[in-house]
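Commentary on secondary and tertiary structure
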Amino acid sequence: MRPGAAEVRHRPLGSTGIDVSVLGLGTVKLGRTEQVRYPRPFRLPDDAAARALLDCAAELGINLLDTAPAYGSSETRLGGLLRGRRHDWVLCTKVGEEFEQGRSRFDFSAGHVRRSVERSLERLATDYLDVVLIHSDGRDLDILDRGEVLETLLSLKEAGWIRAVGMSHKTEAGGRRALALGCDVIMATLSLDDDSESDLIAEAGRRGRGVLVKKALASGRAGVDSLRFAAAQPGVSSVVVGTVDPEHLRANARALEELP
Ligand SMILES: NC(=O)c1ccc[n+]([C@@H]2O[C@H](COP(=O)([O-])OP(=O)(O)OC[C@H]3O[C@@H](n4cnc5c(N)ncnc54)[C@H](OP(=O)(O)O)[C@@H]3O)[C@@H](O)[C@H]2O)c1
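Here goes a summary of the coordinates provided. Throughout this document, residue positions are counted from 1 along each chain, in the order its sequence is written. Restriction of local features to residues with pLDDT of at least 70 applies here, the model being predicted, together with a cutoff of 80 or more for giving and counting side-chain atom pairs; totals for whole chains, interfaces and linings are based on all residues. The side-chain numbers reported here are obtained from all heavy atoms of the structure, hydrogens and water having been left aside.

1. Observations concerning the overall build of the chain
Applied cut-off: By definition, any uninterrupted DSSP run of H or I lasting at least four residues is a helix, any uninterrupted run of E lasting at least two residues is a strand, and each is numbered from the N terminus. All radius of gyration figures rest on C-alpha atoms, and the globule criterion is 2.2 Å times the number of residues raised to 0.38. Residues count as neighbours in contact if any of their non-hydrogen atoms are within 4.5 Å of one another. The Shrake-Rupley method, run with a 1.4 Å probe sphere, supplies the accessible areas, and residue values consider only the shown protein chains as cover. Charged residues are defined here as Lys and Arg on the positive side and Asp and Glu on the negative side; His and the ends of the chain fall outside this count. Every charge is mapped to an atom, namely NZ of Lys, CZ of Arg, CG of Asp or CD of Glu.
Secondary structure summary: the chain contains 10 helices and 12 strands in total. For 260 residues, the compact-globule estimate of 2.2 N^0.38 gives 18 Å, and the C-alpha radius of gyration of the chain, at 17 Å, lies within 12% of that figure. Its C-alpha atoms put the chain at 50 × 35 × 35 Å along the principal axes. Restricting the contact set of the chain to residue pairs at least 6 apart, pairs at least 24 apart contribute 73%. Here the chain displays about 11200 Å² of accessible surface, and carbon together with sulfur accounts for 46% of that area. The average position of the 36 basic charges and that of the 38 acidic charges among the side chains of the chain differ by 2 Å.

Written out as structure tokens, the structure reads:
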């Protein structure tokens with residue numbers, strides 16, 4: 001390890017039997033530049049830079065990679081970059097959102113969910129996915145109460161294609177319904193700017209569910225104290241931060257090194 005480099009701890013992802021690093025790496029910026037809400041424009045890193053980023057993450061003890069079909073070429077690129085070392089990583093992907101020609105569309109039907117999971121397995125060049133989350137369009141309760149998507153994910157879990165299922169929700173009520181319906185994992189929003197889901201997150205933890213946090217840096221508008229705040233909240237398993245900059249990754253790991 002480089003002098004001064006921090007190594008992040010691992011925590012159980014609820015009762016899934018999966019351990020995740022307290023800092024996860026979000027990979028939107030490996031695959032998509034359009035329609036993202038970051039303060040500065042950016043370019044996709046080339047393969048050498050992407051490989052260096054993953055090497056840096058591994059060196060810091062990070063094992064969790066968060067991707068999605070809606071993140072452009074992210075899944076396909078990860079599949080190539082992780083060849084031969086897939087088992088060192090916990091791969092979290094999603095279903096329901098598709099991003100095509102600069103626009104999102106959503107499909108939560110059983111047929112689409114199954115095809116999407118098959119396609120993620122192909123793109124990520126693997127025969128199992130650690131976590132698959134419903135990629136909500138905001139209508140969390142409708143999506144969950146229709147039943148198809150969660151039932152399909154649970155049947156694919158039963159078949160051994162997926163180890164844990166859950167939802168990246170957009171509303172607190174959606175997060176609560178996801179827990180009530182037996183999701184293993186939720187992906188919640190939490191930062192110093194927005195702690196409105198902290199009770200939900202604590203409850204998820206008490207119920208043995210995994211909690212991944214998104215937007216802990218308010219998409220790049222907050223500092224590392226916000227990251228530390230999110231990671232220290234009861235119930236949080238891992239804080240997923242999107243970055244393509246190894247120096248930012250190191251700074252984020254350093255900010256969390258004192259945490260259990
Ligand atoms: N609906 C969903 O499921 C959903 C929605 C949003 C996010 N997510 C997941 O959560 C991840 C994180 O969310 P997010 O990307 O929206 O927000 P975020 O993690 O709050 O912020 C990411 C932004 O912060 C910047 N950044 C990271 N570390 C930094 C540092 N130390 N100093 C300064 N800037 C820093 C990054 O730029 P640099 O590249 O320059 O570091 C990037 O532009 C995503 O990658 C994705 O995996 C999921």
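2. Observations regarding unusual backbone geometry
What you tend to see is this: most non-glycine residues have negative phi, and most peptide bonds are trans. Worth spelling out the cut-off: Three labels apply to residues, based on accessible area from a 1.4 Å probe with only protein chains included: buried if under 20% of the type maximum, exposed if over 50%, partly exposed otherwise in between.
Of note in the backbone geometry, Gln101 takes a positive phi value of approximately 45 degrees without being a glycine. Here Gln101 shows up in the loop between strand S6 (97–100) and strand S7 (103–106). One non-glycine residue, Ala125, adopts positive backbone phi at about 55 degrees. With respect to the helices and strands, Ala125 occurs in the loop between helix H4 (110–123) and strand S8 (129–135). Residue Ala125 is classed as partly exposed on the basis of its relative accessible area, which comes to 37%.

3. Quick word on the nonpolar core
As a reminder of what qualifies: The term nonpolar core refers to a set of buried residues drawn from Ala, Val, Leu, Ile, Met, Phe, Trp, Tyr and Cys, joined through side-chain atoms within 4.5 Å.
Val117, Ile134, Leu153 and Val239 are the most contacted members of the largest nonpolar core, which totals 59 residues. Counting residues per element, this core draws most heavily on helix H2 (residues 47–59), which supplies 5 residues. Every residue in contact with Leu153, bar those within four places of it in the chain, is listed here: Val95, Val113, Val117, Val132, Ile134, Ile162 and Val165. Counting residues in each nonpolar core, the second largest holds 13 residues, with Ile18, Leu64, Val185 and Val240 among its members.

4. Regarding the packing of H4 against helix H6 (residues 148–158)
Note the threshold: Interaxial angles span 0 to 180 degrees and are taken between N-to-C directions of axes, which are lines fitted to C-alpha atoms, for helices over the stretch in contact. Roughly parallel means an angle under 35 degrees; roughly antiparallel, over 145; roughly perpendicular, 65 to 115; everything else is oblique. Should the near helix be turned anticlockwise from the far one by less than a right angle, the crossing is left-handed, and should it be turned clockwise, the crossing is right-handed.
Relative orientation of the contacting elements H4 and H6 amounts to 40 degrees, with a least axis distance of 8 Å. The angle between H4 and H6 falls in the class oblique. Between H4 and H6 the crossing geometry is right-handed. Between H4, through Ala110, Val113, Arg114 and Val117, and H6, the contact on the second element is made entirely by Glu148, Val149, Thr152, Leu153 and Leu156.

5. Focus on the pairing of strand S11 (residues 210–214)
Defined as follows: Here, strands pair whenever DSSP counts at least two bridges between them. By convention, a crossover is right-handed whenever its connection, traced from the first strand over the helix to the second and viewed with the strands pointing away, goes clockwise.
Most of S11 sits out of view: 5 of its 5 residues are buried. Of the two faces of S11, both are covered, the one formed by Gly210, Leu212 and Lys214 as well as the one formed by Val211 and Val213. Both strand S10 (residues 185–189) and S11 contribute to a ladder of 5 bridges, which runs parallel. From the neighbouring strand, Thr189 faces S11, where its bridge partner is Lys214. In this fold, S10 hands off to helix H8 (residues 198–206), which returns the chain to S11; that crossover is right-handed. As defined by bridge partners, S11 adjoins strand S12 (residues 238–242) across 2 bridges and the pair is classed as parallel. If you follow Val213 over to S12, its bridge partner there is Val239. Taking the sense of rotation as the criterion, the β-α-β connection linking S11, helix H9 (residues 224–232) and S12 turns out right-handed.

6. What about the site of the ligand?
So the rule is basically this: In these notes, residues near a molecule or strand are those with any non-hydrogen atom within 4 Å of it. By the criterion applied in these results, polar contacts are pairs of N or O atoms within 3.5 Å in which, for protein atoms, one can donate a hydrogen and the other can accept it, and in which residues neighboring in sequence qualify only through two side-chain atoms. Note that Gly is not counted as nonpolar here; it falls among the polar residues with everything else outside the nonpolar set of Ala, Val, Leu, Ile, Met, Phe, Trp, Tyr, Cys and Pro and the charged set of Asp, Glu, Lys and Arg.
Close to the ligand lie 26 residues; Tyr38, Asp66, Ser168, Thr243 and His248 are nearest. At 2.7 Å, a side-chain N or O of Lys29 approaches an oxygen atom of the ligand. Summarising the interface, the protein chains cover 89% of the accessible area of the ligand, which totals 890 Å² for the free molecule. At the level of elements, helix H1 (28–31), S12 and helix H10 (246–256) are the ones that each hand at least two residues to the shell around the ligand. Each residue belonging to the shell around the ligand can be placed in one class, and the counts come to 10 nonpolar, 10 polar and 6 charged.

7. Regarding the side chain of Lys94
With respect to the helices and strands, Lys94 occurs in strand S5 (residues 90–95). Of the polar contacts made by the side chain of Lys94, one reaches the side chain of Tyr71; its length is 3.1 Å. Filtering out sequence-adjacent residues up to four positions away, Lys94 remains in contact with Asp66, Thr67, Ala68, Pro69, Tyr71, Ser116, Val132, Leu133, His135 and Met187.

Geometric descriptors of this kind do not, in isolation, establish any biological role.
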